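Residues per chain are reported as follows:
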Number of protein chains: 2
Amino acid sequence: MNQEILAQYRQEVHQHLTEELLPFWENRCVDRTHGGFITHFDKDGNDSGEDEKSLIAQTRTVYTFSAAHRAGHGDGRYADIARHGVDFLLEKMWDAEHGGFYWLMNRRGEVLIDEKIAYGHSFVMYSLSEYTLATGDPRGLEYAQRTFDLLQKYATDTHYGGYFEMFHRDWTLKGPGAAGGDRKTLDVHMHFMEAFTTLYEASGQEIHRRKLLEIIELLVRKIMHPEYGTGIPQFWADWRVAPQIKFDIVWGWDRFSEDGFKSASEDNTSYGHNVEFAWLLMHALDVLGIAYDEYRDQLLKSYDHAVAYGIDWEYGGVYVEGSHAGEVYDREKEFWQQAEVLIGMLDAYRVYQDEKYLKAYDATHRFVFDHLIDHRVGEWKPLLTRQGESIWTHMSHSWKVNYHSVRAMVQSLIRLDKLIQRQAESV
Amino acid sequence: MNQEILAQYRQEVHQHLTEELLPFWENRCVDRTHGGFITHFDKDGNDSGEDEKSLIAQTRTVYTFSAAHRAGHGDGRYADIARHGVDFLLEKMWDAEHGGFYWLMNRRGEVLIDEKIAYGHSFVMYSLSEYTLATGDPRGLEYAQRTFDLLQKYATDTHYGGYFEMFHRDWTLKGPGAAGGDRKTLDVHMHFMEAFTTLYEASGQEIHRRKLLEIIELLVRKIMHPEYGTGIPQFWADWRVAPQIKFDIVWGWDRFSEDGFKSASEDNTSYGHNVEFAWLLMHALDVLGIAYDEYRDQLLKSYDHAVAYGIDWEYGGVYVEGSHAGEVYDREKEFWQQAEVLIGMLDAYRVYQDEKYLKAYDATHRFVFDHLIDHRVGEWKPLLTRQGESIWTHMSHSWKVNYHSVRAMVQSLIRLDKLIQRQAESV
């Protein structure tokens with residue numbers, strides 16, 4: 001029974017990845033004029049013309065093509081596209097004077113925002129390490145390591161632990177409040193875990209392993225809710241929970257009120273983030289050679305909270321966010337949470353073999369394939385109503401791009417193949 | 001009245017520094033054969049022949065001659081001696097492969113212990129920054145900054161804050177227990193504060209200022225006793241108090257039982273360390289441009305605990321150590337605590353103008369000048385009984401050398417001159 005449904009998932013995922021998603025990007029993102037990638041496309045997949053290149057979009061696209069190449073797709077063409085992106089990163093976005101990468105440029109490669117944002121640098125390390133793993137080009141790992149070294153020097157908080165996140169061009173810390181210099185976030189620390197994992201995979205260096213272990217412990221002991229194991233979005237420097245505010249520098253369109261506050265700003269967690277954290281933690285443990293059992297309690301809490309409260313069992317998909325105890329605040333369906341829940345539920349099912357995880361995968365998979373993906377154009381819509389009607393319609397901008405959608409398909413395919421093989425062997 | 005006694009102190013200090021102490025070192029420590037410094041002298045000031053050069057002794061001697069030159073002594077000769085020591089540090093003790101400085105060599109410059117010890121690197125930063133401030137030679141600051149960068153990369157604990165302290169040559173963390181890889185100490189963190197202060201003074205860089213502010217907060221909030229404000233010697237990585245143990249790598253001869261434990265291993269504080277911490281904190285605040293009042297409570301607790309329990313009002317001098325609440329455990333008189341109490345009590349008197357501090361200075365000054373200094377030879381004895389009889393007799397070894405004795409005289413002279421000038425102006 002499961003064998004059939006798994007095979008069907010696999011077929012859908014493979015077809016979407018190879019016939020819709022990767023061709024969407026291959027056919028339109030390479031900027032032959034100015035280098036790097038075009039990453040703004042409207043609902044029909046046409047260049048929507050925004051004159052910007054963001055550190056996140058450039059690095060994520062390097063990641064996308066590197067990871068797709070490493071997973072065996074593209075017959076070498078994706079390695080070339082990744083290299084094209086790395087050239088732009090190193091030649092245009094790297095700040096040779098102060099070190100680190102600029103946050104935002106126009107398409108010609110002129111700096112618009114020269115600040116050094118930790119979130120962006122997590123994707124520098126992640127994408128450049130993946131690029132070297134995929135292609136063997138040593139430049140990726142070299143600059144990933146230089147970025148790691150800069151963060152250890154300028155971003156660590158040697159009083160309370162963890163990392164500061166928002167810096168001026170010269171790595172002096174930005175001010176408090178919306179400038180973000182006095183806050184620490186789940187988002188940045190989780191993506192550092194993700195980045196250090198791939199950096200360690202590429203380098204094998206003990207220091208990368210050690211900092212990865214430290215940030216895993218930090219996430220589990222301080223950033224996850226002590227009772228529910230759910231992610232707490234924002235903290236003060238000393239790890240007291242901070243009310244969630246909107247920063248001047250944004251990389252997503254989280255919903256805030258006009259004054260930049262959340263209505264439930266101190267009791268708010270994202271189901272998608274929690275599941276993403278859990279599968280990224282499992283992946284980190286795989287790379288580290290540590291058994292999942294060491295973090296069994298955390299992993300189960302992350303997955304089960306999403307299954308119990310985040311999955312929409314009526315319309316499918318996963319909600320945006322809710323309280324730590326379970327009450328759902330926002331029932332809309334954003335693209336990236338769906339992507340992360342797909343991978344995470346396959347991991348949970350693979351390891352804990354509880355059918356509820358496969359049911360949660362199914363509910364999300366169906367919502368993604370039946371409502372979220374625009375099969376006509378090839379990419380995912382950014383935001384739908386609970387029932388699946390479009391709210392936002394663009395196919396890509398600086399913060400959406402391709403990292404969540406392509407990774408979800410590449411990684412789901414790998415996991416579905418494993419599950420199918422295991423079922424075949426157990427027959 | 002005070003004017004007379006201050007003038008007498010000044011005369012004694014000046015004479016000892018310029019006619020005994022600095023000549024002692026100038027006349028015998030420069031190793032013209034192998035470079036660097038000879039730092040082992042017996043009770044008569046003769047080379048006692050130990051075939052070792054330690055990172056601490058080499059850096060401290062660089063500090064000593066740099067600081068003496070900067071304070072106006074030696075007519076330029078001390079700058080030359082400091083440069084001679086820096087040459088050896090950079091040419092022989094620097095590990096070009098892994099970065100950082102070896103812990104111990106023989107006199108010919110062959111490595112005996114290649115481990116990277118944070119305590120030694122604190123004196124690298126301190127001495128090389130002082131050297132550049134004194135001479136203008138940029139090599140000092142360059143290597144101080146490289147050392148700072150290495151520590152930020154390899155030594156910080158990004159989970160709990162603070163710094164790990166004991167590393168193998170390649171900066172992988174040493175094991176637990178006596179290897180020291182699982183502990184954090186007052187000693188290292190206090191000397192990092194001292195080193196970052198002079199590094200920031202020399203560089204003016206925001207990152208050095210920021211890390212100095214972080215370590216000050218860490219010391220005051222986590223390392224000092226929450227009630228008594230006294231220093232707690234050892235912690236686990238997560239800042240729970242750890243029983244004080246003896247490490248495999250030592251830089252002093254603290255008294256432990258045969259099995260490496262203290263009898264009062266979890267309730268033990270050093271009067272000398274506490275006063276050293278207080279005056280180093282005042283100096284850091286001066287360099288940072290922050291008012292002492294920001295840390296008034298901490299400063300007064302540090303000074304007053306030593307005055308109330310540490311000073312030997314009968315025989316003079318300061319005891320070795322006791323409980324946080326006040327009970328004295330060890331009434332012997334070691335050289336370095338006397339040195340630090342001299343500077344600290346002059347600072348306390350200068351700022352708070354309470355005569356008790358001048359009395360504590362007097363008790364220590366008289367003990368030092370009447371018992372501790374061997375005026376015949378020119379240096380300080382290492383350890384006396386409470387009453388002032390010699391226990392150990394050597395004039396120098398790898399851990400004693402000249403940093404405490406010369407610094408106490410250079411810094412006391414500066415402070416006495418200020419006090420004398422203030423009194424003269426107030427008449």
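What comes next concerns the included structure.

Definitions and limits used
Residues numbered from 1 in each chain as written. Chains lettered and ligands numbered in written order. Predicted model: local features only at pLDDT ≥ 70, side-chain atom pairs only at ≥ 80, totals over all residues. Heavy atoms only, no water. Contact = heavy atoms within 4.5 Å. Buried area = accessible area lost by both parts, 1.4 Å probe. Salt bridge = Lys/Arg side-chain N within 4 Å of Asp/Glu carboxyl O. Helix = DSSP H or I, 4+ residues; strand = E, 2+ residues; numbered from the N terminus. Nonpolar A, V, L, I, M, F, W, Y, C, P; charged D, E, K, R; others polar. Expected span 1.5 Å × (residues − 1). Buried < 20%, exposed > 50% of the residue type's maximum accessible area, 1.4 Å probe, protein only. Pairing = 2+ DSSP bridges. Polar contact = N/O pair within 3.5 Å; in protein donor to acceptor, adjacent residues only side chain to side chain. 1 Å grid on protein atoms, 1.4 Å probe; cavity = no way out; pocket = protein on both sides within 12 Å on 5 of 7 lines; lining within 4 Å. Points joined across faces, edges and corners; volume = space filled by probe spheres on them.

**Description of the interface of chain A and chain B**
So, step 1. Contact with chain A, which involves 27 residues of that partner, is made by 27 residues of chain B.
So, step 2. For the pair chain A and chain B, the summed buried area comes to about 2200 Å², and 50% of that belongs to carbon and sulfur atoms.
So, step 3. It is Lys153(A), Thr158(A) and His159(A) that lose the most area in chain A upon contact with chain B, and together they represent 33% of the buried surface on that side.
So, step 4. Inspection of the region where chain A meets chain B yields 2 salt bridges.
So, step 5. A salt bridge links Asp149(B) to Lys153(A); the nearest nitrogen and oxygen atoms lie 2.9 Å apart.
So, step 6. Residue assignment for the side of chain A that touches chain B shows that the elements contributing at least two residues are α5 (138–154) and α7 (206–223) of chain A.
So, step 7. Top contributing element to the side of chain A that touches chain B by residue count: α7(A), with 9 residues.
So, step 8. Considered class by class, the residues forming the side of chain A that touches chain B number 10 nonpolar, 7 polar and 10 charged.

**Focus on the pattern of salt bridges**
For side chains bearing opposite charge, pairing can occur when the charged atoms are close.
So, step 1. On inspection of all chains with the given rule, the structure shows 79 salt bridges over all chains.
So, step 2. For Lys43(A), the salt bridge identified is with Asp44(A), shortest N-O distance 3.2 Å.

**Some remarks on helix α9 (residues 296–310) of chain B**
Residues and elements named next belong to chain B.
So, step 1. The end-to-end C-alpha separation of α9 is 20 Å, in line with the 21 Å expected for 15 residues at 1.5 Å each.
So, step 2. Looking at α9, one finds that the buried residues are Gln298, Leu299, Leu300, Ser302, Tyr303, His305, Ala306, Val307 and Gly310.
So, step 3. On its buried face, α9 sits against α7 (206–223), α8 (271–288), α10 (335–352) and α11 (355–372).

**Regarding the sheet that holds strand β12 (residues 390–392) of chain B**
Residues and elements named next belong to chain B.
So, step 1. Taken in spatial order, the 3 strands make up an open sheet running β10-β11-β12, and their pairing is antiparallel. One side of each edge strand has no neighbouring strand; the edge strands of this open sheet are β10 (333–334) and β12.
So, step 2. Here strand β11 (residues 383–384) runs beside β12; their pairing, made up of 2 bridges, is antiparallel. Residue pairing in the sheet places Leu384 in a bridge with Ser390 of β12.

**Observations concerning helix α6 (residues 186–203) of chain A**
So, step 1. Between its first and last C-alpha atoms α6(A) spans 25 Å; for 18 residues at 1.5 Å apiece the expected length is 26 Å, and the two agree.
So, step 2. Among the 18 residues of α6(A), 15 are classified as buried, and the element is accordingly described as predominantly covered.

**Comments concerning the side chain of Ser54(A)**
Residue and element names in this part refer to chain A.
So, step 1. By the secondary structure assignment, Ser54 is in strand β1 (residues 53–54).
So, step 2. A distance of 2.9 Å separates a polar side-chain atom of Ser54 from the backbone nitrogen of Ala57.
So, step 3. Separated by 3.3 Å, the side chain of Ser54 and the backbone oxygen of Ser398 make a polar contact.

**Remarks on the layout of surface pockets**
Which parts of space are left empty comes out when a probe the size of a water molecule is rolled across the atoms.
So, step 1. The space that makes up the largest pocket amounts to roughly 620 Å³.
So, step 2. Forming the walls of the largest pocket are 29 residues, and the residues nearest its centre are Asp149(A), Lys153(A), Asp149(B), Leu150(B) and Lys153(B).
So, step 3. Listed by contribution, the elements that provide at least two residues to the lining of the largest pocket are α5 and α7 of chain A together with α5 (138–154) and α7 of chain B.
So, step 4. For the lining of the largest pocket, the per-class residue count stands at 9 nonpolar, 8 polar and 12 charged.

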